[in-house]
Amino acid sequence: MKRFFFKIYIFLMLGFFPFKTVYCEVFIVAEVNQEIITNIDLDFEERYLVSLNPSLQKLDKSRITEYAKNSLINEKIKKVEIEKRFEILPNPELLLQVIGSIYSSIGISSLSEFENYLSQNNVDIEMVKEKILIEIAWNNLIVNIYGNEIEIDQNAMNKELEKFDKKKVENILLSEIIFTINEKKELKSKYEEIEKSINEIGFGETARIYSLSDSKKSGGNLGWIYKNQLSKEIKDKLNDINVGDFTKPIITSGGFLILKLEDIKSENIKIDKETQLKRMIEFERERQFTRFSTLYYKRIFNNAEINEK
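Residues numbered from 1 in each chain as written. Predicted model: local features only at pLDDT ≥ 70, side-chain atom pairs only at ≥ 80, totals over all residues. Heavy atoms only, no water.

With 5 of its 5 residues buried, strand β1 (residues 28-32) lies for the most part within the structure. The loop that links β1 with its antiparallel partner strand β2 (residues 35-38) comprises 2 residues; one of these, Asn-33, has a positive phi angle of about 50°. Of the strand pairs in this sheet, β1 and strand β7 (residues 306-308) are connected by 3 bridges, and their pairing is antiparallel. If you follow Ala-30 over to β7, its bridge partner there is Glu-308. (Buried < 20%, exposed > 50% of the residue type's maximum accessible area, 1.4 Å probe, protein only. Helix = DSSP H or I, 4+ residues; strand = E, 2+ residues; numbered from the N terminus. Pairing = 2+ DSSP bridges.)

Written as structure tokens, this is what we have:
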């Protein structure tokens with residue numbers, strides 16, 4: 001009955017535009033908390049993901065479809081949860097900022113160039129904006145819920161900064177993938193799946209697909225970080241790998257973390273401690289928000305009603 005309804009609905013809606021009238025079968029591929037995902041949604045998501053992650057074209061169609069469906073399920077779960085609390089409204093300035101970071105990460109230099117690029121890939125910029133607004137609203141939700149729980153130990157950071165004058169400072173360029181699993185026994189297979197994807201399409205493209213961190217928009221890129229900012233466990237893991245390699249999953253309170261060591265350099269200069277303290281505080285704040293976001297999403301995902309057709 002649902003399938004018949006959608007067929008008629010699309011036919012009638014397109015019928016208002018006689019020069020573009022087409023008939024296509026529209027059917028439900030999944031329901032998430034009573035929100036439907038159709039084959040039309042899935043087709044758009046595939047084009048959207050491939051346009052922002054061209055390396056996906058190396059994969060077979062079934063893998064791309066599976067990634068697209070998981071992406072839509074993730075989006076629906078977040079959207080439903082957000083709308084329980086507030087309406088998703090445009091924030092033009094922040095929207096342009098996020099869009100800018102997205103197109104810059106794929107080598108595009110302007111919004112107009114990005115819009116042309118999307119158009120060539122049959123991707124509607126307005127629908128892209130809607131997707132970004134959901135992510136912005138999700139981040140706002142996490143800030144609203146957990147903002148008062150962020151704890152920054154500036155005294156400990158200042159002690160770390162004091163060490164910078166006494167020896168060379170290692171500055172490392174990192175990328176990350178953060179993921180979760182429902183049961184411990186799933187870790188091996190999940191990691192093997194991610195590792196296979198990294199080998200096929202690269203770390204950055206895999207981060208865009210699998211990572212739950214906000215850094216996925218830039219391929220998991222965390223930028224240059226002074227090694228002293230990191231926990232002993234993470235420093236030890238990074239000491240075991242070479243530039244270009246990535247770690248095995250590291251257990252964190254927000255899920256599992258895979259880090260790639262992109263580059264490393266030693267600096268024997270006097271740093272601006274005030275500027276570096278601000279960087280350390282921002283890094284720690286982002287790390288804690290990512291942890292809260294991952295934990296919260298995992299909880300609502302486990303409680304979601306997901307019915308794949």
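Still more to cover.
The next subject is the packing of aromatic side chains. In total, this model carries 10 aromatic pairs according to the counting rule given. An angle of 10° between the planes, with centres 6.2 Å apart, marks the rings of Phe-44 and Tyr-48 as stacked. With Phe-44 and Tyr-48 both in helix α2 (residues 39-52) and 4 residues apart, this pair spans about one turn of that helix. Residue classification places Tyr-48 among the buried positions, given a relative accessible area of 11%. Their ring planes at 25° and their centres at 5.6 Å tell us that Phe-179 and Phe-256 sit as a pair that is stacked. Placement of the pair is Phe-179 in strand β3 (residues 169-179) and Phe-256 in strand β6 (residues 255-267), with a sequence separation of 77 residues. Accessibility assignment for this pair places Phe-179 and Phe-256 in one class, buried. Taken together, the aromatic side chains of Trp-138, Tyr-146, Phe-292, Tyr-296, Tyr-297 and Phe-301 make up a single cluster linked through ring pairs. Sitting over the ring of Tyr-297, Lys-78 keeps its end group 5.9 Å from the ring centre. (Phe/Tyr/Trp six-rings, centres within 6.5 Å; stacked < 30°, edge-to-face > 60°. Lys NZ or Arg CZ within 6 Å of the ring centre and 35° of its normal.)

On to the packing of helix α4 (residues 92-105) against helix α6 (residues 125-146). Contact geometry of α4 with α6 gives a least axis separation of 10 Å together with a crossing angle of 110°. One element, α4, and the other, α6, form an angle in the roughly perpendicular class. Contact with α4, carried on its side by Leu-94, Leu-95, Val-98, Ile-99 and Ile-102, involves Lys-129, Ile-132, Leu-133 and Ile-136 of α6 and no other residues of that element. Taken together, the residues of the contact of α4 with α6 sort by class into 8 nonpolar, no polar and 1 charged. (Axes fitted to C-alpha atoms, helices over the stretch in contact; angles between N-to-C directions. Parallel < 35°, antiparallel > 145°, perpendicular 65-115°, else oblique. Contact = heavy atoms within 4.5 Å. Nonpolar A, V, L, I, M, F, W, Y, C, P; charged D, E, K, R; others polar.)

Taken in spatial order, the 3 strands line up as β2-β1-β7 in an open sheet, and their pairing is antiparallel. Bordering the open sheet on either side are β2 and β7, each of which pairs with just one other strand. Each strand axis lies, on average, 15° off the axis of its neighbour in the sheet, ignoring direction. Here 4 bridges tie β1 to β2, and the two strands are oriented antiparallel to one another. Looking at β2, one finds that Ile-28 is bridged to Thr-38. With respect to the sheet, α2 is in contact with β1 and β2, its orientation differing from that of β2 by roughly 65°.

The sheet built from 4 strands is open, its strands ordered β4-β3-β6-β5 with antiparallel pairing. The open sheet terminates on both sides in strands that have one partner only, identified here as β4 (221-226) and β5 (250-252). Averaged over all pairs of adjacent strands, the angle between their axes in this sheet comes to 40°, without regard to strand direction. Pairing between β3 and β6: 11 bridges, direction antiparallel.

To continue, consider the environment of Glu-162. By the secondary structure assignment, Glu-162 is in helix α7 (residues 154-163). For the pair Glu-162 and Lys-273, spaced 111 residues apart in the sequence, the C-alpha separation amounts to 8.7 Å.

As a packed pair, α7 and helix α11 (residues 273-303) sit with axes 10 Å apart at the nearest point and diverge in direction by 130°. It follows from the interaxial angle that α7 and α11 lie oblique. As α7 runs across α11, the sense of the crossing is right-handed. Two secondary-structure elements touch here, α7 through Gln-154, Met-157, Asn-158, Glu-160, Leu-161 and Glu-162 and α11 through Lys-273, Gln-276, Leu-277, Met-280, Ile-281 and Glu-284. Across the contact of α7 with α11, the residue classes break down as 5 nonpolar, 3 polar and 4 charged. (Left-handed = near helix turned anticlockwise from the far one by under 90°.)

This part covers the nonpolar core. Of all hydrophobic cores here, the largest spans 58 residues; its most connected members are Phe-114, Val-128, Ile-132, Trp-138 and Ile-177. Per element, the largest residue contribution to this core is 11 residues, and it comes from α6. With residues up to four places along the chain from it excluded, the contact list for Ile-132 reads Leu-95, Val-98, Ile-99 and Ile-102. Membership of the second largest hydrophobic core comes to 12 residues, among which are Leu-174, Leu-238, Ile-250 and Leu-261. (Core = buried A, V, L, I, M, F, W, Y, C linked by side-chain atoms within 4.5 Å.)

Another point: the confidence of the model for the chain. This prediction gives the chain a mean pLDDT of 85; 90% of its residues lie at or above 70. The secondary structure element of the chain with the lowest average pLDDT is helix α1 (residues 2-15), at 40, and the one with the highest is helix α5 (residues 111-120), at 95. (pLDDT = per-residue confidence, 0-100.)

It is worth spelling out the pattern of salt bridges at this point. It is possible for side chains of opposite charge to pair when their charged atoms get near one another. The tally for this structure, following the rule as stated, stands at 18 salt bridges. Here Glu-284 makes a salt bridge to Arg-287, at a shortest N to O gap of 2.7 Å. Note that Glu-284 and Arg-287 are positioned in helix α11 at a spacing of 3 residues, about one turn of the helix. Members of the salt-bridge network, linked through shared partners, are Glu-45, Glu-75 and Lys-131. (Salt bridge = Lys/Arg side-chain N within 4 Å of Asp/Glu carboxyl O.)

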